[in-house]
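Below, each chain spelled out in residue letters.
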Amino acid sequence: MMPVTWVLLLSAFLFSVGVYGVLARRNAVLILMSIEVMLTAVNINLVAFNAMLKDVEMMGQIFALFIITIAAAEIGVGLAIVILIYRNRTTVTVDEVSLMKW
Amino acid sequence: MVRLLAAEAHEVAVPAMIDWAWLIVAVPYVSFFLIVFLGKRLPGRGHEIGIGATAISFLLSVPVFASTISALGTEGFHGFEKSIRWLQFGDNEFLELGMKIDGLTVVMLIVVTFVSLMVHIYSTGYMHGDRRYTWFYAALSLFTGSMLNLVMANNLLQLLVGWEGVGICSYFLIGHWFEERENSNAAIKAFITTRIGDVGFLFGVFVLFFAAGTFNITEITEAVEGGTIAAGVLTAAAVLLFFGAIGKSAQVPLHVWLPDAMAGPTPVSALIHAATMVVAGVYLVARMFTVFHASPVALDEVAIIGSITMLIAALLALVQDDIKRVLAYSTISQLAYMIAGLGISAYTGAVFHIWTHAWFKALLFLGAGSVIHAVHSNNMSDMGGLKDKMPITYRTYMVGGFALAGFFPLAGFFSKDEIILGAFMQARAGHGVGWFVFITMIVTAFLTACYVARMLALTFFGKPKYDTGHVHPHESPGSMTTPLILLAILSVVGGWVGLPGEPNLFANWIHFEALEHHPFNLAIAIFSMIVAIAGFLTGWTIFRGGRLKIDIVRSPFGWFYRLLENKYYLDDIYMSAIVRPIRDQISKFAYWTNQNVLDGLVNVTGMATAALGRGAYDKIDQPLIDGAVNGVAFGADVAGRGLKFWQSGNIQGYAGVLFVGIVAFVLAFIFIRI
């Protein structure tokens, strides 16, 4: 049985990668992908703690399933927006989508 | 509240009729409204309601009269009184609405209702086709109701209501043909002149109220008899009340309105300005006689005013050409007889004269109306020789004239004789004013017979002076002659209730407790009769016989004739000394007040409002309210300017802040342990 610390480190790494991606990338699609990475990191955490605590009701795994579902829905909406932006402005670079600013 | 005015109340039962006596007053008032609202739709244009109501009042008055005078024979009985609370002010302060029924009241009830009924019937002929026929009957009804209210009132305020009611009806009816300026002026003159007296009356009522603490006539009488009111106060009250009588009964110096009041229709003159309303002043003095009796000064004033009036009015009656004006001055003179009679304490005689005078003077006015109707002129210089053309009018008019002159055995003789007797008794008792009154009465009796002779001669005898080509006089219709005949009968027999004898019937009805009744004196009666006959013959000789052909204007008495012609210049004096200055000054003052005071007030108000508005604008609206609004806007503006930089539109910027914020919260959560 692998100690839970390793798993948590992996999770933290993945989350940091996601944060970096969200803050640093300019491409809207890549930002959405980075958000998915952060959500994956959360899922790993949930599953790891579920295994460590030996929860018979599998609460952590069930939540992981919910998050995957919601992430799928979220990515559907997000990609639809990105496609609409692209159709209007022929770009998905977030720096150039700046209508609602001062 | 029922009060039996009797020393021993158990001796007299209140007849059931008395409870309903108020209907006598109410019926004409109701009739007024019925005529006003329904009159025009009826076939008779309202006269059937008026005649019906007056007839009901008269028919109700008869049993009230009968039951009261039969009870008056009982020892110590004075009358009935009944009242309800009218206006309540507190627990015990209230105004009464009531009726006082005694000998004086019932005599007046009969006079008012009967003459009113006669005039109502007569007017169907006289006013036929008049443009305001319905209104005429409405006003007659209102007048009758007010007059009955006046004579029945048991308190002075209610009496005042009736008093003013008859005044306003008099105004309406004098000005009935108001299209002519002269008539409306006469109406205004009558109203304002009597109003001058009314002010005195009103103050007299106040004085009595504050002295006796009540408006109730019986209670005031008791208070006066009980001696609880100071003599000076009583004199003031009596003199003030007498002002009212001077105005209403047209005594000097306020007599000027009555001759002008002849501008009204003749039936009105008969009812209001001869038989009923003008005797209200006499009635008032008689009703409040306890107050006058308690003040010798006031009584002397009453006697002297009456004496002066009777003489100057009788002289004026001698020179008038207008037949109604002759009768008007005659009325003033006869009213003065009553007033002077009260002044020399001939109480019964004075009230008796109200009674007899009502019959023959109403008769004379209605007769004059009949003549005027026939010749279409008021002037005796357009009459003459009507004896054969109008036999009924002629005969009844002669009866009225002789009754006025005081010939035995007509009504006027008995009442006049009783007053003269009273004056003589007063004079013989050593009362200076008594002599004065007695002598003026004798002279006036002479003059009265004289102008009666003149009036009869010029109207009915001699050659016709009217335009025989165009005017064809004929007897008036039955609606007009019937009242004449009835009144002529009363002018004959009306005086017989005062036939000499013990007890004198009329004196039994009406007498003043504190005064002794003078028994019939044959010498005085014969003397006054001789004076009347002498006066009549003198007048007849001058104006009919033509034996004394004096060109009076050029004679040494010319100045006196001109003085009379011009009514002693009193009207001119009043006009130039009182009316014009006051009217002009008042209008000048009113204009000045309007320009300076009222306009000034308006302007000051306007300016103050403008200044206030400007102040509010400068000091409140601009700095405070606008300041607050602007301040909010400014604050929002500044905040917006500062915060707009956060709205970078850079999505990574937003996300960065979000992460920093979360990290900050997590760190705070871990280390500070909120």
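Residues numbered from 1 in each chain as written. Chains lettered and ligands numbered in written order. Predicted model: local features only at pLDDT ≥ 70, side-chain atom pairs only at ≥ 80, totals over all residues.

Draft legend 1. Broad picture of the overall build of chain B. In terms of regular secondary structure, chain B is built from 25 helices and 3 strands. Since a compact globule built from 674 residues should have a radius of gyration of about 26 Å, the 37 Å found for chain B marks it as more spread out than a globular shape. Here chain B holds 674 residues, and the buried ones make up 49% of them. Contacts in chain B between residues at least 24 apart in sequence constitute 79% of all its contacts with a sequence separation of at least 6. (Helix = DSSP H or I, 4+ residues; strand = E, 2+ residues; numbered from the N terminus. Rg over C-alpha atoms; globule rule 2.2 N^0.38 Å. Buried ≥ 20, exposed ≤ 12 C-beta atoms within 10 Å, placed from the backbone. Contact = placed C-beta atoms within 7 Å.)

Draft legend 2. Representation of helix α6 (residues 156-174) of chain B within the structure. Here α6 of chain B spans 26 Å end to end across 19 residues, near enough to the 27 Å set by a 1.5 Å rise per residue. Buried residues dominate α6 of chain B, accounting for 14 of its 19 residues. (Expected span 1.5 Å × (residues − 1).)

Draft legend 3. Structural view of unusual backbone geometry. With an omega dihedral of 5°, the bond running from Val 252 of chain B to Pro 253 of chain B counts as a cis peptide bond. Residue Pro 409 of chain B is bonded to the preceding Phe 408 of chain B through a cis peptide linkage, with omega at 0°. Structurally, Pro 409 of chain B is set in the loop between α17 (391-405) and α18 (411-428). Unlike most non-glycine residues, Lys 54 of chain A shows phi in positive territory, near 50°. Its place among the elements puts Lys 54 of chain A in the loop between α2 (28-53) and α3 (59-89). Given 6 C-beta atoms within a 10 Å radius, Lys 54 of chain A is considered exposed. With a phi angle near 55°, Met 58 of chain A is a residue other than glycine that sits in the positive phi range. Tracing the chain through its elements places Met 58 of chain A in the loop between α2 and α3. You can call Met 58 of chain A partly exposed: it has 13 C-beta atoms within 10 Å.

Draft legend 4. Spatial organisation of the environment of Asn 566 of chain B. Along the polypeptide, Asn 566 of chain B turns up in the loop between α23 (558-565) and α24 (570-643). In this structure the C-alpha to C-alpha distance between Asn 566 of chain B and Pro 519 of chain B, which are 47 residues apart in sequence, comes to 42 Å.

Draft legend 5. Local environment of the nonpolar core. In this structure, Val 282, Val 285, Ile 339 and Ala 362 of chain B are the most contacted members of the largest nonpolar core, which totals 205 residues. Sort the elements by how many residues they give to this core and helix α16 (residues 347-375) of chain B lands first, with 18 residues. Beyond its immediate sequence surroundings of up to four residues, Val 285 of chain B is in contact with Phe 242, Ala 245, Phe 292, Val 302, Ile 339 and Leu 342 of chain B. Counting residues in hydrophobic clusters, the runner-up holds 6 residues, among them Val 22, Ala 28, Ile 31 and Val 94 of chain A. (Core = buried A, V, L, I, M, F, W, Y, C linked by C-beta atoms within 7 Å.)

Draft legend 6. Quick look at the interface of chain B and chain A. With 11 residues of chain B at the contact, the number on the chain A side is 9 residues. The residue makeup of the side of chain B that touches chain A, split by class, is 4 nonpolar, 6 polar and 1 charged. (Nonpolar A, V, L, I, M, F, W, Y, C, P; charged D, E, K, R; others polar.)

Draft legend 7. Broad picture of the environment of Val 224 of chain B. As for its position among the elements, Val 224 of chain B is in helix α8 (residues 217-225). The residues contacting Val 224 of chain B, other than those within four sequence positions of it, are Ile 229, Leu 234, Thr 290, Val 291 and Ala 294 of chain B.

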